[in-house]
Amino acid sequence: MKETSSTFLESFWEALVQAFRLIVTGDPEVASITLRSLQVSGLATLLACLWSLPLAMLLGLRSFKGRGFIKGFFNALIGVPTVALGLILYMLLSRSGPLGVFGLLYTPLGISIGQAALITPIMVTFGASALESVDPELRDLARTLGASELQTSMAILREASFNVLLAVVAAFNRAFAELGIAMMVGGNIRYVTRVLTTSIALETARGEIALTLALAIILVGIVYGISLALNLLRKAQ
Amino acid sequence: MTSPFLQTKGLVMRYGPVTALADVNLAIDKGETLALVGPSGSGKTTLLRILAGLQSPTSGEVLVQGRREDAAGLRRIASMVFQKTAVFNTSVYENVAFGPRIRAASKTEAQREATRALRKVGLEGFEKRRARKLSGGEQQRVSLARALAVRPALLLLDEPTANLDPANASIIERIVSEIGEEGNTVILATHRMDQAERLADRVAILNEGRLVQVGEAKELFRRPSGFLASFGQLRNVFQGSATLSEKGLTVITLEGGVRIEAATNRTGDVSVFVRPEDVIVSKSPIVSSARNMLKGRIVKVEERDGLVWLAVDVGQELAAVVTRQSFAEMGLNLGLEVYLAFKASSVEVI
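No experiment lies behind these values; they were computed from the predicted model shown.

A short note on the overall build of chain B
At step 1: Of regular secondary structure, chain B possesses 10 helices and 20 strands.
At step 2: Across its three principal directions, the C-alpha atoms of chain B cover 65 × 45 × 40 Å.
At step 3: Within chain B, buried positions represent 54% of all 350 residues.
At step 4: In chain B, 66% of the contacts between residues at least 6 apart in sequence involve partners at least 24 apart.

Put into structure tokens, the structure is as follows:
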């Protein structure tokens, strides 16, 4: 019993040392996986911003019939299991599926689109509530200083900018750390669609503990680093 | 006949079953400062918001120089300063320059207007400070400067000193008074009659959405209507005659023979006002710097908003307000003999 645990510790330690060596020496495989992960999820976040932020502004700043229903709809989708969404996307994008002609299955762009769909509910819901939480008096304030409807909305958006940024970052983190879509839509093809989470899942199964440990450290490090940067930004404000 | 600068005709505002304004007809001339006085919920804010073009009335109309204006038109003419200080979460300069920029002024013109407005409220040098980091009084001055920077033809002030300490309140009052003297048209909502008298040319009294009385403050005080006398904030308004004492203080003999000291140099017939909040109640005479100490009997006790309002007969019925705790701990009650103390400087002479 004692021997087993010391063996485990030894091999864990060995793997950890090796993992750091991989990171510090800039191992090309580790670097390319990290870079791809950032690109794929970064693009997903940009894509999601295109439609999510206008939608968040509509829901957060205007009152209209059906607004509550739409908000509830997106709110409910926040926790959608990534494998379920991955399955749906797989069926849509596969060659025989309705979107098969675009050839997006097993491509980085396919993952980006899938992740964009995944994080849309987060961005819409958090973005709308960031705008709603702006003091309603500031709306009247902008209007009494001569602002048009659009200028008023922009002033409110500026006022909520930090919290909207938080919504965008939360969405990026979700995309960056998800596994289901990257696996099912991307297929974990080495040098093509292999990202941090898919590598970690598969290399662990293959016993490549040092590599996956390195990747996990990078994954956590990036997510943590972003939070840290945001906190510093909040303090600077 | 020339039409007044601003006129409301039959303004009615209903929120469901609640009538906030009922048939308000009001006229104000160019360059005039008008105070809207009334208790909370009397419709002051609603009236200002309609004049600011921030909401449309249920019925009735607003005329500017004889022409009917809708909300969008009024927003071009008027600018409002809100009771609850609201500032954009940016620098003082950005706050004040917001209006001139929106109104399509050039960058240099916006800068000139913002600088002028900041100087007006004594905040030059504060440009780069974050507005939210300023004190409440300074933030309210930013609000005032921001409204002034668009040079509104009509400036609407909703209780601009309500949330401020006396020192900051008097700074705001001085600025408002200067704005008025420069020929601007100002409508000021306040629940303080003394403030209305100091700042306004005319006073309009609003109660439960109706215009009760309009006229010069002195006139309204000299002949207080039933409403004016019963209006909680206007308790302790008395008529009297002031004479200068040899010690340099003014002694005012009120109707009913009560003599009080006041820090003023006015003599002759005056109206005086003592804020019930400024009156200290004690069961035995106290030694303090307060120049006035009057002995009397509690003739009325009324609990309202967590405070206990006392009417004490000192030869005149004088109102004082104490907390429920003080009331209980001191064992105050109807018929009890008490002493009322207040400073000469707490006596507002109108």
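Here's the deal with the pattern of salt bridges
All names here are of chain B.
At step 1: Inspection of the entire model under this criterion finds 27 salt bridges over all chains.
At step 2: Measuring nitrogen to oxygen at the nearest pair gives 3.0 Å for the salt bridge that ties Glu113 to Arg151. Of the two residues, Glu113 is situated in helix α4 (residues 107-120) and Arg151 in the loop between α5 (136-148) and β7 (154-158); the sequence distance between them amounts to 38 residues.
At step 3: Residue classification places Glu113 among the buried positions, given a relative accessible area of 11%.

Topic: the sheet that holds strand β13 (residues 259-262) of chain B
Residues and elements named next belong to chain B.
At step 1: The strand order across the open sheet built from 5 strands is β13-β12-β11-β14-β20, with neighbouring strands paired in antiparallel fashion. Sheet topology places β13 and β20 (347-349) at the edges, where each strand pairs with a single neighbour. Put simply, the sheet's adjacent strands are angled 40° from each other on average, direction ignored.
At step 2: Pairing of strand β11 (residues 237-244) with strand β12 (residues 250-254) involves 5 bridges; the strand directions are antiparallel. From the neighbouring strand, Ser241 faces β12, where its bridge partner is Thr253.

Observations regarding the nonpolar core
All names here are of chain B.
At step 1: Counting 48 residues, the largest nonpolar core has Leu6, Leu47, Leu156 and Ile187 as its most contacted members.
At step 2: Here this core takes 5 residues from strand β2 (residues 18-28), the largest share from any one element.
At step 3: If we skip the residues at most four places from it in the chain, Leu6 touches Leu26, Ala27, Ile28, Leu51, Val62, Leu63, Val64, Leu154 and Ile187.
At step 4: In this structure, Val96, Leu123, Leu164 and Ile179 belong to the second largest nonpolar core, which totals 40 residues.

The rules behind these values
- Residues numbered from 1 in each chain as written.
- Chains lettered and ligands numbered in written order.
- Predicted model: local features only at pLDDT ≥ 70, side-chain atom pairs only at ≥ 80, totals over all residues.
- Heavy atoms only, no water.
- Helix = DSSP H or I, 4+ residues; strand = E, 2+ residues; numbered from the N terminus.
- Buried < 20%, exposed > 50% of the residue type's maximum accessible area, 1.4 Å probe, protein only.
- Contact = heavy atoms within 4.5 Å.
- Salt bridge = Lys/Arg side-chain N within 4 Å of Asp/Glu carboxyl O.
- Pairing = 2+ DSSP bridges.
- Axes fitted to C-alpha atoms, helices over the stretch in contact; angles between N-to-C directions.
- Core = buried A, V, L, I, M, F, W, Y, C linked by side-chain atoms within 4.5 Å.

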